[in-house]
Amino acid sequence: MADNTKPWRIVAVRRLSKPQLDTLSEIADVSYFEDITTTNRADFMSALATAHGLIGGKLELTEAMLAEAPLLQVVATISVGYDHLPLEALSQRGILVCNTPDVLTETTADTAFALIMATQRRLVELSNMVREGHWSAHISSAHFGTDVHGKTLGIVGAGRIGAAIAKRGALGFSMPILYTAGTSKPALEQELGAQRRSLEALLSEADIVCLSVPYNDDTHHLINAAALAGMKPTAALVNIARGKVVDEDALIQALRRGQLRAAGLDVFSQEPLQADSPLTAMHNVVVTPHIGSATHETRDAMAQLAVDNLVQALAGKGPRTPVNERHWRRTNNTQEG
Ligand code: DGY
């Protein structure tokens, strides 16, 4: 039953701690869903029908669902990416969207580097060899990896996360850095000696290509068969962006043909990746389950930022990290209906 002393109703989905839910409960009636399943989907939709705020990780909000949420004013996603949200429809309705940039930058760059290390030094493949009892003699050149230090690191999309990856490469591993970006990045060029390239040039020169672009119409299948054909056969591809930035079928074909040496993938066209995907059978592919920002510290900081954004926005104040603030119709009044 609604508490009429609280002005708002909030639907919260996944990834919120008890103190964070308590903060939300101070201003709102909160319906919390640890997950949305076929069993509780009707309850979720019924809570959404009267909600002013929606917060959560991996929110799957379609335009059809939005039509069932007439009071919705703010959507606070616990992610930096918002490609899973119908941004245009939300903006047209004057609904504010907030995301969680910055707090995950360093952790996601760590993940990229973990994949770089794992693909270059064949960590998963060789660890499995030991576990499976196949370490029976001195290792030979058949088990050797490829250096990381000194190799040319190509970063596709030198935003915050791309820049943090570049810093690790240049300062930690003496790697020459190439990058693509809409505009040049003087700080990266001055501090790290990074050089801007066209995508084509970067792909042909880099030993390790790391993708860190947002997913949108422009980046859909940015790395397609032609792009893969332009990479060095000795190169590795690392993707911590979004699965659909890569044409996955073309990547599988390129790996099969030896057009590139290895891939480290944290994101996939379809998630969860099915265990019988051809990618899981390739010894030169390292797959992780979309763990870019998945540390205790960072997921907590992301959830806290999303809570702060939601509370501030419902109070009619500017949230810290809005996505579409200019479309937001602030309604600093109390509960409708
Ligand atoms: C993000 O924040 O967008 C990461 O990919 C985690 O979902």
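Structural notes, computed from the coordinates. Keep in mind the model is a prediction, meaning the values are calculated, not measured.

### A short note on the pattern of salt bridges
Following the criterion strictly, the structure yields 10 salt bridges and no others. Between Arg14 and Asp35 there is a salt bridge; the shortest N-O distance is 2.8 Å. Linking Arg14 in the loop between strand E1 (8-13) and helix H1 (18-27) with Asp35 in the loop between strand E2 (28-33) and helix H2 (41-48), this pair joins segments that are 21 residues apart in sequence. As a salt-bridge pair, Glu205 and Arg197 come within 2.8 Å of each other at their nearest N and O atoms. Residue classification places Glu205 among the partly exposed residues on the basis of a relative accessible area of 30%. A single network of salt bridges, built from pairs that share partners, joins Glu106, Asp110 and Arg168.

### Re unusual backbone geometry
Look at the link from Glu271 to Pro272: it is a cis peptide, with omega at -5°. Position of Pro272 among the secondary structure elements: in the loop between strand E11 (262-265) and strand E12 (285-287). Even without glycine at this site, Ser174 takes up a positive phi of about 50°. Judged by relative accessible area, which is 56%, Ser174 ranks as exposed.

### As for the sheet that holds strand E3 (residues 53-56)
Pairing within the open sheet is parallel, and its 5 strands lie in the order E2-E1-E3-E4-E5. Because the sheet does not close on itself, it has two edges, and the strands there are E2 and strand E5 (96-98). Across the sheet, the mean angle from the axis of one strand to that of its neighbour is 15°, orientation sign disregarded. Relative to E5, strand E4 (residues 74-77) runs parallel, the two being bridged by 3 bridges. Considered in E5, the bridge of Val75 is made with Val97. Seen against the sheet, helix H12 (residues 296-314) touches E1, E3, E4 and E5 and runs at an angle of roughly 170° to E4.

Definitions and cut-offs
- Residues numbered from 1 in each chain as written.
- Predicted model: local features only at pLDDT ≥ 70, side-chain atom pairs only at ≥ 80, totals over all residues.
- Heavy atoms only, no water.
- Salt bridge = Lys/Arg side-chain N within 4 Å of Asp/Glu carboxyl O.
- Helix = DSSP H or I, 4+ residues; strand = E, 2+ residues; numbered from the N terminus.
- Buried < 20%, exposed > 50% of the residue type's maximum accessible area, 1.4 Å probe, protein only.
- Pairing = 2+ DSSP bridges.
- Axes fitted to C-alpha atoms, helices over the stretch in contact; angles between N-to-C directions.
- Contact = heavy atoms within 4.5 Å.

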